[in-house]
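# Analysis of the macromolecular model
What follows is the residue order along each chain.
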Amino acid sequence: MAAEIVGLGTAVPPYVLTNADLEQLVDTNDQWITERTGIKERRIAGPTDSTGSLGKLAALRALAVAGLAPDDVDLLVVATASPDHPLPSASCILQLELGLNRCAAMDVIAGCAGFVYALATAAQFVQSGAIGTALVVGAETLSRIVDYADRSTCILFGDGAGAAVLRQGERGVRAFSLGSDGTRSRLLMTPAGGSRFPASARTVSERRHYILMEGREVFKGAVTAMAASSLEAIERSGLRPEDIDLVVPHQANQRIIEATARRLKVPMSNVVMNISRYGNTSAASIPIAIAEAWEQGQIRPGQKLLLTAFGAGLAWGSMVLDWTLPPPEERNPEEPTRSAMPIVRGLRDGTLWDDVDLIEATTGHLPADAAGGAS
């Protein structure tokens, strides 16, 4: 038996940050961003949005497609690089939001490769028969850790979430290949905010709580690793590269996607790409791309898909699967969009949550007997 995707769901904020907006914040322009990344706009989480709230909406939509209820879930796996809190895990926050009272829950932290890692992890539990239903969520609010004074990173990242439901079936996940190289961990990182350098006046003033990236080195590593792991996953699946119908890569950068496709000798017509609308949403990018392509009829039952991703760690992963989920009868209506500039200005000057009671915001959703403070 295979681990089969039986449900998909996504959630993206309605707030849009365009390249023209970024021209007002940093020394850049639409042509420069488009030529180097392929990105035209990205979504930004609103003041009341979070990784947990976006993940919840995506998860509920995926469960609805699968015809399941939250109580049917045996395992919840969340991939994110931007959890709501350092403690507890993002999966436990999402478990609370969804009302999943009986399932196991855990996080997978593998940067932009997180969803492939999480899907591979959950598939093992399903294929072995250890559980019946797994819910895998990739969710990010990277806008919270992006420096909107740094043009090398603020042009890249956006917010969103995607979810998939796995159950046993005759066809599904065929094979995967995962890898990492910690010797290159400093090429893409958030230096402060952890236990090594906790928040202090110095870390804040030196802007050490934001994403730092050595773009050229990450670019080279991404193309090499994604191509190599893709070929390994294809070989393990018992297929040949020409048997793959569609490639769904992590939406990091159009140039990376195109270079990887050339190495795999795959025409761009067989590559799913939506980076122009959403930018790099890290662990959420692959499930959002899959769901959009599925809703639009680009992904159809009987196709063989290759998923491939690369991110902080440095970590990478690829997966081959047989697609079985019929196309939806209708698409979820998109919420009307609006400008994200007021939000980004609030993030930049630190005023976005000035009117929020931080204590109430973190305890208000707890049961009355728990909010009092058990250690």
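A brief look at the structure comes next. Small disclaimer: the values here were computed from a predicted structure and weren't measured.

## Digging into the nonpolar core
A general trend in soluble globular proteins is that nonpolar side chains are found buried together. Within the largest apolar cluster, 43 residues are counted, with the highest numbers of intra-cluster contacts made by Leu8, Leu166, Val248, Ile299, Leu307 and Trp323. Counting residues per element, this core draws most heavily on helix α5 (residues 114–128), at 9 residues. Every residue in contact with Trp323, bar those within four places of it in the chain, is listed here: Ile5, Leu8, Ile290, Trp294, Ile299, Arg300, Pro301, Gly302, Gln303 and Leu305. Grouped together as the second largest cluster of nonpolar side chains are 37 residues, Ile44, Leu187, Trp316 and Met341 included.

## Comments concerning the sheet that holds strand β3 (residues 41–44)
The strands making up a sheet associate through backbone hydrogen bonding, with each pair oriented either parallel or antiparallel. With respect to topology, 3 strands assemble into an open sheet ordered β3-β2-β14, the strand pairing being mixed. Taken across any chain shown, the strands that pair with only one partner, and hence form the sheet edges, are β3 and β14 (338–339). Pairing between strand β2 (residues 15–18) and β3: 4 bridges, direction antiparallel. By the bridge assignment, Val16 is partnered in β3 with Arg43. On the sheet, helix α12 (residues 341–349) packs against β2, β3 and β14 and is oriented at approximately 75° with respect to β2.

## Quick look at the packing of helix α8 (residues 215–236) against helix α9 (residues 254–264)
Interhelical geometry of α8 versus α9 gives an angle of 40° and a closest axis separation of 9 Å. As far as their axial angle goes, α9 and α8 are oblique. For the pair α8 and α9, the sense of crossing is right-handed. Between α8 and α9, the contacting residues are Phe219, Ala222, Val223, Thr224, Met226, Ala227, Ser230 and Leu231 on the first element and Arg255, Ile256, Ala259, Thr260, Arg263 and Leu264 on the second. Looking at the contact of α8 with α9 residue by residue, the classes come out as 9 nonpolar, 3 polar and 2 charged.

## A few points about the layout of surface pockets
Reported here for the second largest pocket is a volume of approximately 430 Å³. The wall of the second largest pocket is formed by 21 residues, among which Thr10, Ala11, Val12, Arg61 and Glu335 lie closest to the centre. Those elements that provide at least two residues to the lining of the second largest pocket are β1 (2–11), α3 (51–66), α10 (275–278) and α11 (285–295). A per-element tally of the lining of the second largest pocket places α3 first, with 4 residues. Looking at side-chain class alone, the lining of the second largest pocket contains 9 nonpolar, 3 polar and 9 charged residues.

## Quick notes on the side chain of Arg43
In this structure, Arg43 sits in strand β3. Residue Arg43 is classed as buried on the basis of its relative accessible area of 3%. For Arg43, the side chain forms a polar contact with the main-chain oxygen of Pro13, separated by 2.7 Å. Each residue touching Arg43, except ones within four places of it in the same chain, is listed here: Val12, Pro13, Pro14, Tyr15, Val16, Gly158, Asp159, Arg277, Tyr278, Glu334 and Thr337.

## Concerning the state of the cysteines
By the definition in use, this model includes 0 disulfides. With no disulfide partner, Cys92 has as its closest neighbouring cysteine sulfur the one in Cys103, 8.7 Å distant. On the accessibility criterion, Cys92 (34% relative accessible area) is partly exposed. By relative accessible area, which is 10% here, Cys103 ends up buried.

## Digging into the pattern of salt bridges
Oppositely charged side chains can pair when the atoms bearing their charge come close. Counted according to the given criterion, the structure contains 16 salt bridges. Connected through salt bridges with shared partners, the residues Arg43, Arg277, Glu292 and Glu334 form a single ionic network.

## A few points about the environment of Ser82
Along the chain, Ser82 falls in the loop between β4 (75–79) and α4 (90–98). By relative accessible area, which is 7% here, Ser82 ends up buried. Each C-alpha atom of the pair Ser82 and Ala139 lies 8.0 Å from the other, and the pair is 57 residues apart in sequence. Contact partners of Ser82, with chain neighbours within four places excluded, come to Thr51, Ala139, Glu140, Thr141, Leu142 and Ile145. A distance of 2.8 Å separates a polar side-chain atom of Ser82 from the backbone nitrogen of Thr141.

## Brief notes about unusual backbone geometry
The omega torsion of the bond from Leu87 to Pro88 falls at 5°, within 30 degrees of zero and hence cis. Inspection of the secondary structure puts Pro88 in the loop between β4 and α4. With an omega dihedral of -15°, the bond running from Gly313 to Leu314 counts as a cis peptide bond. Counting through the fold element by element, Leu314 comes out in the loop between β12 (304–311) and β13 (315–322). At Arg207, a position not held by glycine, the phi torsion is positive, near 60°. Structurally, Arg207 is set in the loop between α7 (201–205) and β10 (212–213).

## Focus: the sheet that holds strand β8 (residues 173–180)
Sheet architecture is open: 4 strands sit in the order β8-β13-β12-β11, paired in mixed fashion. In this open sheet, the two edge strands, each paired with only one partner strand, are β8 and β11 (246–249). Between one strand axis and the next, the sheet turns through 10° on average, direction left out of account. Contacts between α5 and the sheet are confined to β8, β12 and β13, with β8 contributing the most and set at about 135° to the helix. On the sheet, α8 packs against β8, β11, β12 and β13 and is oriented at approximately 145° with respect to β12.

Cut-offs used in this document
Residues numbered from 1 in each chain as written. Predicted model: local features only at pLDDT ≥ 70, side-chain atom pairs only at ≥ 80, totals over all residues. Heavy atoms only, no water. Core = buried A, V, L, I, M, F, W, Y, C linked by side-chain atoms within 4.5 Å. Buried < 20%, exposed > 50% of the residue type's maximum accessible area, 1.4 Å probe, protein only. Helix = DSSP H or I, 4+ residues; strand = E, 2+ residues; numbered from the N terminus. Contact = heavy atoms within 4.5 Å. Pairing = 2+ DSSP bridges. Axes fitted to C-alpha atoms, helices over the stretch in contact; angles between N-to-C directions. Parallel < 35°, antiparallel > 145°, perpendicular 65-115°, else oblique. Left-handed = near helix turned anticlockwise from the far one by under 90°. Nonpolar A, V, L, I, M, F, W, Y, C, P; charged D, E, K, R; others polar. 1 Å grid on protein atoms, 1.4 Å probe; cavity = no way out; pocket = protein on both sides within 12 Å on 5 of 7 lines; lining within 4 Å. Points joined across faces, edges and corners; volume = space filled by probe spheres on them. Polar contact = N/O pair within 3.5 Å; in protein donor to acceptor, adjacent residues only side chain to side chain. Disulfide = S-S within 2.5 Å. Salt bridge = Lys/Arg side-chain N within 4 Å of Asp/Glu carboxyl O.

By themselves these figures say nothing about function.
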